[in-house]
Amino acid sequence: MADRQRQYDREERKLKKEKKRKIILWSVFGVLTLILVIMRVSEININSVIDRFTDENGKFSLTDGVTDDNFPYSIDSSKNVILTNVNNRLGVLTPSSFTVINASDGNAEYVFDHGYSNPVIDKSGVYTIVYDQGAKSFRLDTTSSAVYQKTTENQILCATVNKKGIAAIAENISAKHCSINVYNTSLETIFSKNISDGYIVDMALSANGKKLAVIKLGSVDASLDITAYVYKITTGELLGTVKLPQGSLVDIRYNGDSLYTIGDSYVGVVKNDSEYEEVLKAGTVSNVCFDYSPSGELVIVHSEFDNSNSNVCSVISSSGKIKTDVNISGSVRDISASSSRITVLTTNEILSFSYRGQEKGSADSNDTVKSICTIGNRVLRHRQTIIEKSEVSLDN
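Residues numbered from 1 in each chain as written. Predicted model: local features only at pLDDT ≥ 70, side-chain atom pairs only at ≥ 80, totals over all residues. Heavy atoms only, no water.

1. Describing the sheet that holds strand β6 (residues 119-124)
Now for step 1: Strand order in the open sheet made by the four strands is β6-β7-β8-β9, with antiparallel pairing throughout. Strands with a single pairing partner mark the edges of an open sheet, and in this sheet they are β6 and β9 (146-151). Neighbour-to-neighbour, the strand axes of this sheet turn through a mean angle of 15 degrees, independent of strand direction. (Pairing = 2+ DSSP bridges. Helix = DSSP H or I, 4+ residues; strand = E, 2+ residues; numbered from the N terminus. Axes fitted to C-alpha atoms, helices over the stretch in contact; angles between N-to-C directions.)

Structure representation (structure tokens):
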């Protein structure tokens, strides 16, 4: 009899739980239906709401906006600070450290002290390479951990890394005698080359890790000679060479199989490993600053002469086509490109516009702001010894 009573009590509790669960489910369904009706009446876009609660990794969370915000973020230096977008994280290189900061809440996710006297950084995907230019140390890291550190035999001239974590290091052996070593993430040498009769001033690796472009500075008949050499990494084969215009080389970067070449007074694209296509003719412009979009396109600010207050921001495709030109007034100090926005810092304002040239927002600025970095729709700026959110209002 007691067993029957207990069984009866269990069945009754079970029925009550099922009834309670159904009430909760129907209540939630009713609330969601009401929200959708209100949004429909108010013409609210459901996608904009979803975006509001989605982080830069595409993860949906209802806790957006209630997490701790650590901005402004204090850094250990006010000078020689570099801000860079590392896989949708803010990378901050100072004379003594490197920090990876979550751009949403300002919390440090990875930090190390490098101890270099002349630190230089290159990055691609989740990888960063920080090296002591003119000395003998470099290290490869991801946004969350160290991969390796290495001491070279000779002074480092330059270094680069690609999205696969393949790293290339150029060393100065002696006068006009240099060496190149390319390493995989296990620090195994996959390419090695000695270069004579010149100095290596820059290098670039293709995203797939098949090509290495090397810029050698030399002299021919008492004239300055700047030549790009393209090598096949797996075999060491020289795929092509191309002479670059006269002038100081600023940077090179692969976008697909095309190689951007940026000088202080020109922009060009190397195609098919040996063909140079002029984009901005040498001697006709003064390049001010540049960045690359997450997809690899070059975004560059240039003017007709140094210190001009009349500038043009150009978006240049891998084919060498200028897709967009935007006129910018004032003295430009920095530029930053995210996947959907281009942001320019001048001495008195921060401007943001789309890749089609449509202005998306602006904010006042001043001489205390040294640089900016745009990650998604967030604009972060370096001022004195802090990194802070800019008050720039970005339209959707």
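On we go.
2. Some words on the sheet that holds strand β1 (residues 73-74)
Now for step 1: Strands sit in the order β1-β32-β31-β30 across an open sheet of four strands; the sheet is antiparallel. Each of the sheet's edge strands pairs with one partner strand only, and the pair in question is β1 and β30 (369-375).
Now for step 2: Relative to strand β32 (residues 386-389), β1 runs antiparallel, the two being bridged by two bridges. Paired with Ser 74 across the bridge in β32 is Ile 386.

3. A few points about the pairing of strand β17 (residues 238-243)
Two faces make up the sheet, and in a regular strand the side chains alternate between them.
Now for step 1: Bridge count between strand β16 (residues 223-232) and β17: five bridges; the pairing is antiparallel. Counterpart to Tyr 229 in the pairing with β17 is Thr 241.
Now for step 2: The turn joining β16 and β17, which pair antiparallel and follow one another in sequence, is formed by five residues; a positive phi near 80 degrees is taken by Gly 236.

4. Examining the side chain of Thr 160
Now for step 1: Inspection of the secondary structure assignment puts Thr 160 in strand β10 (residues 155-161).
Now for step 2: Judged by its relative accessible area of 6%, Thr 160 is buried.
Now for step 3: At 2.6 Å, the side chain of Thr 160 and the side chain of Asp 122 are in polar contact.
Now for step 4: Excluding its chain neighbours within four sequence positions, the residues that come into contact with Thr 160 are Asp 122, Ile 129, Ile 166, Ala 167, Ala 168, Met 203, Ala 204 and Leu 205. (Buried < 20%, exposed > 50% of the residue type's maximum accessible area, 1.4 Å probe, protein only. Polar contact = N/O pair within 3.5 Å; in protein donor to acceptor, adjacent residues only side chain to side chain. Contact = heavy atoms within 4.5 Å.)

5. Considering the side chain of Ser 124
Now for step 1: Mapped onto the fold, Ser 124 is located in strand β6.
Now for step 2: Owing to a relative accessible area of 15%, Ser 124 belongs among the buried residues under this scheme.
Now for step 3: A distance of 3.1 Å separates the side chain of Ser 124 from the backbone nitrogen of Lys 163, its partner in a polar contact.

6. Points about the packing of aromatic side chains
Now for step 1: Within the structure shown, the criterion is met by seven aromatic pairs.
Now for step 2: Arranged with centres 5.6 Å apart and planes meeting at 40 degrees, the rings of Phe 98 and Phe 112 form a pair that is tilted. In this pair, Phe 98 is assigned in strand β4 (residues 97-101) and Phe 112 in strand β5 (residues 108-113), connecting sequence segments 14 residues apart.
Now for step 3: On the basis of relative accessibility, which here comes to 0%, the residue Phe 98 falls in the buried class.
Now for step 4: Plain terms: the ring middles of Phe 191 and Tyr 231 are 5.8 Å apart, the flat faces sit at 50 degrees to each other, and that makes the pair tilted. One end of the pair, Phe 191, is in strand β13 (residues 189-196); the other, Tyr 231, is in strand β16, and 40 residues separate them in sequence. Of the two residues, Phe 191 and Tyr 231, both sit in the buried class. (Phe/Tyr/Trp six-rings, centres within 6.5 Å; stacked < 30°, edge-to-face > 60°.)

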